[in-house]
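A closer look at the structure
Here is what each chain is made of, one letter per residue.
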Amino acid sequence: MLGDYSPFVLLRHMITHTGERRYSCQICGDRFGLNSHLLRHMRTHTGEKPFSCQVCLKSFTQSNSLTDHMRIHTGEKPYSCKECGKRFVQRGALNVHMRTHTGEKPYSCSMCGKGFSQCSQVKDHVRTHTGERPYSCSVCEKRFTQSCHLKTHIRNELPPMTTQCCRAMSSKTFLQHPNLDPDGIGPYSCSTCGKSFSDLSSLKFHQQTHQDEKPYSCQTCLKSFGRRDSLLRHMITHTGERRYSCQICGDRFGLNSHLLRHMRTHTGEKPFSCQVCLKSFSQSNSLTDHMRIHTGEKPYSCEECGKRFVQRGALNVHMRTHTGEKPFSCSMCGKGFSASTSLLHHIRTHTGEKPFSCKQCGKRFSQNSNLMSHKRSSHM
């Protein structure tokens, strides 16, 4: 059977026999046979969930989890019970269901010996012995033994706008925006982006993201924001607080999202892929910029000469041709440059470094553009 597949698939398969685990996690030391398994494991440390549902915006750490989730919206149930015909979205759900026919209860309580068909049922049951209530409401601080009880509390016992703002968190649960309609077919929909909500107050809260009104102002620089959470994120630029630290290199960050982005420099993960040319990127905004290469869109224009650019950074560099600004200077001779890349090229005139080499004749060059010119004139 394996003869029909590529050598790469065969090499992956061979690891199941050799047991070799050459990739290790630098945080906890766990080892893995495939680099892709290490990258997936790293998300347990970073909390990153790069796979998002375009219908309800729920995010997942693994692509197959997103695939399973999408069946909630499509209604597809590919797994069926051979005993009673009941169908399921996930294979795991079918496996659990089969125990209702077999009577199997593989999970037992270590305190009283009671058996359960699901691991989650044991965890919920153990709390009847320990009294633990890990799920708390951030509005009224009421605590619950199960996340479903907290969700019910948020829906039924809190005012709608309070519910919308509620963030209730435990070690493995982060409940957010419960009034966003999970099926994407709620009675209140946003006329701007099409998202649906289960009540009017939730829709009004969401619409603030589209309106020009910005009621939240920074008392330090007077910059205004449409939402309070955006203001809180902005305040970090003034306080300089960096509460999130990388467990690999020790670098610290003001926002958890910045830490997650930084972690990709260690893992090499590039979860954002272009559907046209399949090039991958570590950041979503890099993919957005890249897509303009395919669409031809140039949204940034120079107010002086009208020239247009794909990226804002390219416009900023261009503006220096009008202002004459040269913020990058050579530490050896003091010559100034408008772009950092121009400075790097210049420094090589002092060091003699020629990092670009022709694979055909071995000749070396200080700039990639010079190498390209050489190839066209000498080898084409």
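I will try to describe carefully the structure that is included in this document. (Residues numbered from 1 in each chain as written. Predicted model: local features only at pLDDT ≥ 70, side-chain atom pairs only at ≥ 80, totals over all residues. Heavy atoms only, no water.)

Moving on, we get to the overall build of the chain. Secondary structure assignment for the chain yields 14 helices and 26 strands. The proportion of buried residues among the 380 residues of the chain is 27%. Just so you have it, the chain exposes about 25,300 Å², and 49% of that area is on carbon and sulfur atoms. (Helix = DSSP H or I, 4+ residues; strand = E, 2+ residues; numbered from the N terminus. Buried < 20%, exposed > 50% of the residue type's maximum accessible area, 1.4 Å probe, protein only. Areas by Shrake-Rupley, 256 points an atom, 1.4 Å probe, with all protein chains shown as cover.)

With that out of the way, let us pick up helix α4 (residues 91–102). Along its twelve residues, α4 runs 17 Å from first to last C-alpha, staying within 8% of the 16 Å computed at 1.5 Å per residue. Considered for burial, the residues of α4 that qualify are Leu94, His97 and Arg99. Tucked inside the fold, the buried residues of α4 contact β5 (79–80), β6 (87–88) and β7 (107–108). Two residues or fewer after α4 comes Gly103, characterised by a positive phi angle close to 75°. (Expected span 1.5 Å × (residues − 1). Contact = heavy atoms within 4.5 Å.)

Below, the discussion takes up the side chain of His97. Tracing the sequence through the fold places His97 in helix α4. For His97, a relative accessible area of 12% puts it in the buried group. Filtering out sequence-adjacent residues up to four positions away, His97 remains in contact with Cys81, Cys84, Lys86 and Phe88.

Here we take up unusual backbone geometry. You will see that Leu222, though not glycine, has its phi angle at about 70°, which is positive. You can see Leu222 is positioned in the loop between β15 (216–217) and β16 (224–225). Notably, Leu278 is not glycine yet its phi reads approximately 70°, a positive angle. With respect to the element layout, Leu278 can be found in the loop between β19 (272–273) and β20 (280–281).

Further remarks concern the state of the cysteines. For the structure shown, the criterion picks out zero disulfides. Free of any disulfide, Cys218 has its nearest neighbouring cysteine sulfur in Cys221, separated by 3.7 Å. Here Cys277 is not disulfide-linked; the sulfur of Cys274 is the nearest cysteine sulfur, at 3.7 Å. (Disulfide = S-S within 2.5 Å.)

It is worth spelling out the nonpolar core at this point. Counting residues in hydrophobic clusters, the biggest one holds eight residues: Cys25, Phe32, Leu38, Met42, Cys246, Phe253, Leu259 and Met263. Among the elements of the structure, α2 (35–46) and α10 (256–267) are those that each provide at least two residues to this core. Excluding residues that lie within four positions of it along the chain, Leu38 makes contacts with Tyr23, Ser24, Cys25 and Phe32. Core analysis: the second largest hydrophobic core is formed by five residues, Tyr135, Cys137, Phe144 and Ile154 among them. (Core = buried A, V, L, I, M, F, W, Y, C linked by side-chain atoms within 4.5 Å.)

Attention now moves to the packing of α2 against α10. Contact pair α2 / α10: the axes reach a minimum separation of 11 Å and the direction vectors enclose 145°. The handedness of the crossing between α2 and α10 is right-handed. Facing Leu39, Met42 and Thr46 of α2, the residues of α10 in contact are Leu260, Met263 and Thr267. The class makeup of the residues in the contact of α2 with α10 is four nonpolar, two polar and no charged. (Axes fitted to C-alpha atoms, helices over the stretch in contact; angles between N-to-C directions. Left-handed = near helix turned anticlockwise from the far one by under 90°. Nonpolar A, V, L, I, M, F, W, Y, C, P; charged D, E, K, R; others polar.)

By the definition in use, this model includes nine salt bridges. In this structure, Asp124 and Arg127 form a salt bridge, with 3.1 Å as the shortest nitrogen-oxygen distance. Of this pair, Asp124 and Arg127 both sit in helix α5 (residues 119–130), three residues apart, which is roughly one turn of that helix. The class of Asp124 is partly exposed, set by a relative accessible area of 25%. Relative accessible area serves as the criterion here: at 13%, Arg127 is assigned to the buried category. The salt bridge involving Arg292 is made with Glu297; its shortest N-O contact spans 3.7 Å. (Salt bridge = Lys/Arg side-chain N within 4 Å of Asp/Glu carboxyl O.)

We now examine the environment of Thr145. With respect to the element layout, Thr145 can be found in the loop between β10 (143–144) and α6 (147–157). Spatially, the C-alpha atom of Thr145 lies 6.5 Å from that of Glu132, the residues being 13 residues apart in sequence. For Thr145, the residues in contact, after removing those within four places along its chain, are Asp124, Arg127, Glu132, Arg133, Pro134 and Tyr135.

On to the environment of Thr349. Of note, Thr349 is situated in helix α13 (residues 340–351). Residue classification places Thr349 among the exposed residues on the basis of a relative accessible area of 60%. For the pair Thr349 and Ser366, spaced 17 residues apart in sequence, the C-alpha to C-alpha distance is 8.1 Å. A polar atom in the side chain of Thr349 sits 2.4 Å from the backbone oxygen of His346. (Polar contact = N/O pair within 3.5 Å; in protein donor to acceptor, adjacent residues only side chain to side chain.)

Here the focus is the environment of Arg364. Among the secondary structure elements, Arg364 is positioned in strand β26 (residues 364–365). In this structure Arg364 comes out as partly exposed when scored by relative accessible area, which is 43%. As for Arg364 and Lys354, which are separated by ten residues in sequence, their C-alpha atoms are 5.7 Å apart. The contact partners of Arg364, leaving out residues within four places of it in the chain, are Lys354, Pro355, Phe356 and Ser357.

This part covers the side chain of Arg348. Relative to the assigned elements, Arg348 resides in helix α13. Apart from the residues lying within four places of it in its own chain, the contact partners of Arg348 are Glu353, Pro355, Phe356 and Ser366.

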